[in-house]
Structure formats: C-alpha cells, structure tokens
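Here is how the chains run, residue by residue.
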Amino acid sequence: MVPNIDRRASPPSFKTTGAAGELIGTTEPKLADTVRRGRVSPEPTIVAGRRLWTHQQVLQAAEVLGLLNADLRERIDAAFGITPTSTPNQASTGGTTP
C-alpha cells in the first residue's frame, strides 16, 4: 500500500524527513541519524527514496533527541490531525470510524 502524501488532503498521515524535522525543530541529518542508529523503531517506510514518518515515529524521534515537551506534542498532534477528542484512526479518516 502506498501512503497518501497528497499535500492538498488534510492533514497527511505521513511526513517526509524534511517536514518531520521542520515540525520538531531539528535538521534532516539529525533526524535521519536517529533512524541509522536504531533509535526509532520501527523505521519509517521508504517510498520513492523518501522516508515517510508516522505520528508515533515523529514523537519517538523528538523524545530521543530531547526535544519533546507538551507544546511540541500538541504541534505534532495538530500536524497529523489529531485532536484531544480524536484517535489517530479517526484523524486519518476525517473523524469517522471505518
């Protein structure tokens, strides 16, 4: 299955390494290094030569880099369409349960 990375869709279920790095306030090389060193598990899926990061993987990377705090967690949640009243599954399906 190929993930939906259409930027017109609201909000995507995956982030590229650059977008994930920008979101958590780090560089692509530092973020990619977390994968190379096995600090993010499971590793992001690679599609067309790009790593695609899930919500959980971005949170995990922010934590291992020592960047995760309540404000950053809220920004990451919002970037993936997760609100305090929705689950990740609801956010990716537009708020409805499949």
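Conventions adopted
- Residues numbered from 1 in each chain as written.
- Predicted model: local features only at pLDDT ≥ 70, side-chain atom pairs only at ≥ 80, totals over all residues.
- Heavy atoms only, no water.
- Phe/Tyr/Trp six-rings, centres within 6.5 Å; stacked < 30°, edge-to-face > 60°.
- Lys NZ or Arg CZ within 6 Å of the ring centre and 35° of its normal.
- Salt bridge = Lys/Arg side-chain N within 4 Å of Asp/Glu carboxyl O.
- Buried < 20%, exposed > 50% of the residue type's maximum accessible area, 1.4 Å probe, protein only.
- Helix = DSSP H or I, 4+ residues; strand = E, 2+ residues; numbered from the N terminus.
- Pairing = 2+ DSSP bridges.
- Core = buried A, V, L, I, M, F, W, Y, C linked by side-chain atoms within 4.5 Å.
- Contact = heavy atoms within 4.5 Å.

**A look at the packing of aromatic side chains**
Tallying each qualifying case throughout the model produces zero aromatic pairs. Above the face of the Phe80 ring, Lys15 is positioned so that its terminal group lies 5.2 Å from the ring centre.

**So, the pattern of salt bridges**
This model, assessed by the stated rule, comprises two salt bridges. Across the salt bridge formed by Arg37 and Asp33, the nearest N and O atoms sit 2.8 Å from each other. Under the relative-accessibility criterion, Arg37 is labelled exposed at 61%. On the accessibility criterion, Asp33 (24% relative accessible area) is partly exposed. One salt-bridge network, held together by shared partners, links Asp33, Arg36 and Arg37.

**Points about unusual backbone geometry**
The amide bond that connects Ser41 to the next residue, Pro42, takes the cis arrangement and shows omega of 0°. Residue position: Pro42 is located in the loop between helix H2 (28–36) and strand S2 (45–47).

**Notes on the pairing of strand S3 (residues 50–53)**
Pairing analysis gives two bridges linking strand S1 (residues 15–16) to S3, with the strands arranged antiparallel. The residue of S3 that forms the bridge with Thr16 is Leu52. When S2 meets S3, the two strands line up antiparallel, connected through three bridges. Note that in S3 the partner of Ile46 across the bridge is Arg51. Here S2 folds back onto S3 in antiparallel fashion, the turn holding two residues, of which Ala48 has a positive phi close to 55°.

**Looking at the nonpolar core**
By size, the foremost hydrophobic cluster in this structure holds 15 residues, and its most contacted members are Ile24, Leu31, Trp53, Val58, Ile76 and Phe80. With near-sequence residues (within four places) excluded, Ile76 lies in contact with Leu23, Ile24, His55, Val58, Leu59, Ala62 and Leu68.

**Focus: the environment of Arg39**
With respect to the helices and strands, Arg39 occurs in the loop between H2 and S2. Taking relative accessible area as the criterion, Arg39 reaches 40% and is therefore assigned partly exposed. On a C-alpha basis, the gap between Arg39 and Gln57 in space is 9.9 Å, while along the polypeptide they are 18 residues apart. Not counting residues within four places of it along the chain, the set of residues in contact with Arg39 comprises Thr34, Gln60 and Val64.

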